[in-house]
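These are the residues of each chain, in order.
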Amino acid sequence: MTEKKNDYSAQQITVLEGLEPVRKRPGMYIGGTGLEGLHHLVWELIDNGIDEALAGYANEVSVTLMSDGGVKVTDNGRGIPTDIHPKTGKSTVETVLTVLHAGGKFGGGGYKVAGGLHGVGSSVVNALSKKLIIKVFRDGNVYEQTYEKGIPIEDLKIIDKSNKTGTEILFYPDDSIFETVDFNYQTILDRLRHAAYLTKYVRTNLINQLNNKKYSFYFEGGIKSYVKHLNVGKEVIDEDIFYVDKTVKDTQVEISMQYTDAYNETIKSFANNVLNPDGGTHLTGFKSALTRVINDYARKNGLLKEKEENLSGEDTREGLTAILLVKLPDPQFEGQTKNKLGNPEVRGYVEQVLNEYLNYYLEEHPNVAKKIVGKALLAARARKAARAARDNILRKGILDGASMPGKLADCSSKDPKNSELYLVEGDSAGGSAKTGRDSKTQAILPLKGKVLNVERARLDKMLANNELLSLIKALGVGIEDSFDIKLLRYERIIIMTDADVDGSHISTLLMTFFFRYMPAVIENGHLFLAKPPLFELVRSGKKESVFIYDESQLDQILDEEIEKRKKLNPNLNLSDEKYKQAGFIEQKRYKGLGEMDAEQLFETTMNPEKRVLIQVRIEDVERSDAIFNKLMGTEVELRKNFIQANARFVKDLDI
Ligand code: 0RA
């Protein structure tokens, strides 16, 4: 399906609808009413501010997280016009906020021609807010209007004088519509950073009233700075970053790229500042030009001999980090979510720009060019070796279902829906898990020591690694070309490691493996982290224990118990240690899974009735990619942050 861009010009609003449909079926407009839908409201407003900047009228967009739960989005553009709109007979401000444009706009961030009636997403935000206050700075005045559930409760009025211009929208999402109205600071921060990378010369700010912190992003280099940011912690083959910005016909093509010594490629393509995760015509054009230019250069300079075959596209992209941004007046996307750009002409435009300027760049930078070609040649050779290793394994049937790894204690259920696989750090915890498990539904695969870091190893090395080979076999899904998610033998794959730095490192390595080789396992929600307890509190007089999973939970439980006890006995001696006051005779800190016996391990971490699982999500691939690369780098400081970082792309889930 192809989604045509809507025309936002004032005269062409022909279908006007009330906001009722938005409140009735919010999912149609913002994707859902969960955390993502909630944040979509902020994205709509940020995109409007960015659009005003792209039109050349604003250079700053700010988001303030208010201490009362509201979110304020401000830009210093022209301000939404306040005069009476010819079609609605109301102010343009009210029109923008109350008229749902026909067809709506899902995903936000379309390119609008300067002067068009932009800001249409604002009406969706308005409809889904229990309260919204707009301020417009324009014509020397400050205008204000307040809405409730999308309905104006007063006329637009002048409240002050000011020589500033701009638009400020403060909204309070309707908690009768959203499952949660708690905004995630980090998610918004990422979005603002991202917006600043894609729109050079625009400053984006995040002000958090809750902790009085302010973040500000400004990247003069635009997508060049973005590439630099993505390559932090990686070894780059040359400091110089390729950059081109050219307009062909009415399409602006901006490309930036740099090679690293990594094996994976990171290419992000955007159309009108909207990420297209599934690429599209711009990406296709980029890839074909890249392959052609590098091969031509290699031939011309004798780096590729006459009888040698051409470098493949994959070879030329190994270790590549690239940002591709096109801006065009009439973007067409395949599918609802703008995941893939469809305009056929864009392919040729991107090809033309990269052909010309990359060729020119390689001629001008012969040292960088030699390194790029050298790396691609190496990639070609290594890929052949890796293929041979994989074919060998496939031929021998090592990955086939018949032969399960010896270390696997499989469950008796053969129905994946009722099966789960625990990946357990170390043989001793593995032993306890095998004893304590529910053998009908729970399979155990103990993993010895550190798992191979797949960021630094190719497929052949990976397939020579016993731990990973056992894992691939146990999963039953095959690898690379033979990978098939439908063959997955377990509904849940649960990584169970110690709650310490080594344990987190091992879970990160395992997540990296899934992320790189089996993203479908994560995307389909099959990957989890087990959460072992940090403390056990033993109650005096009773055998029963209380298990604590978070540091913060410990204080909370102790305080609650003390309160209870104070009520029963007002003369309670308060000079004692806290946990004793609370009536616990012993507080035990668990450092590793191995400190628990089989029964405890099951009860605290594996019992489906009680355990806490954390679902691993590729919520922000860019972020996890960056985290993984930082972690896998050698720098201790970077690595130290990773427990904290992990918490970003996982979500607590009680199952
Ligand atoms: C309609 C017309 C004009 C600007 C805007 C809307 C506008 C909308 C938003 C939404 C957020 N910030 C905004 N800034 C401006 C053009 C007005 C003119 O020609 O002066």
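See above for the structure.
The paragraphs below set out a description of the structure included in this document. Fair warning: this is a prediction, and the values are worked out from it, not measured in the lab.

Turning our eyes to something else, we now look at the nonpolar core. Core analysis: the biggest nonpolar cluster contains 57 residues, and V42, V63, I134, F171 and I188 have the highest contact counts within it. Residues contacting V42, with those up to four places away along its chain left out, are V63, V71, F171, F183 and I188. Counting 44 residues, the second largest nonpolar core, distinct from the first, contains L421, A474, I493 and F513.

Turning to unusual backbone geometry, a few remarks are in order. In terms of backbone geometry, most residues other than glycine have negative phi values and most peptide bonds are trans. Despite not being glycine, K249 has its phi angle at roughly 50°, a positive value. Topologically, K249 is positioned in the loop between strand 13 (242-248) and strand 14 (251-259). Residue classification places K249 among the exposed positions, given a relative accessible area of 68%. Positive phi, close to 50°, is recorded for E480, a residue that is not glycine. A residue is classified by how much of its surface remains accessible, and E480, at 38% relative accessible area, is partly exposed.

Let us look at the pairing of strand 12 (residues 213-217). Where strand 11 (residues 203-208) and strand 12 come together, five bridges link them in antiparallel fashion. Bridge pairing links N208 to K213 in strand 12. Two successive antiparallel strands, strand 11 and strand 12, enclose a turn made up of four residues, where N212 displays a positive phi of approximately 60°.

Here the focus is the sheet that holds strand 26 (residues 584-589). Strand order in the open sheet formed by three strands is 25-24-26, with antiparallel pairing between adjacent strands. Looking at which strands have only one partner, the edges of the open sheet turn out to be strand 25 (545-548) and strand 26. Neighbour-to-neighbour, the strand axes of the sheet open up by a mean angle of 20°, direction not taken into account. Sheet topology places strand 24 (residues 535-539) next to strand 26; five bridges connect them, and they run antiparallel.

Further remarks concern the side chain of T251. Mapping T251 onto the fold places it in strand 14. Judged by relative accessible area, which is 1%, T251 ranks as buried. Here D250 takes part through its side chain, which lies 3.5 Å from a polar atom of the side chain of T251. When residues no more than four places from it in sequence are discounted, the contact partners of T251 are K246, V326, K327, L328 and Y349.

Turning next to the sheet that holds strand 15 (residues 266-271). Here five strands make up an open sheet; going across it, the order is 13-14-17-15-16 and the pairing mixed. Strand pairing shows two members of the sheet lacking a second neighbour, strand 13 and strand 16 (274-275), which therefore form its edges.

Calculation notes
- Residues numbered from 1 in each chain as written.
- Predicted model: local features only at pLDDT ≥ 70, side-chain atom pairs only at ≥ 80, totals over all residues.
- Heavy atoms only, no water.
- Core = buried A, V, L, I, M, F, W, Y, C linked by side-chain atoms within 4.5 Å.
- Buried < 20%, exposed > 50% of the residue type's maximum accessible area, 1.4 Å probe, protein only.
- Contact = heavy atoms within 4.5 Å.
- Helix = DSSP H or I, 4+ residues; strand = E, 2+ residues; numbered from the N terminus.
- Pairing = 2+ DSSP bridges.
- Axes fitted to C-alpha atoms, helices over the stretch in contact; angles between N-to-C directions.
- Polar contact = N/O pair within 3.5 Å; in protein donor to acceptor, adjacent residues only side chain to side chain.

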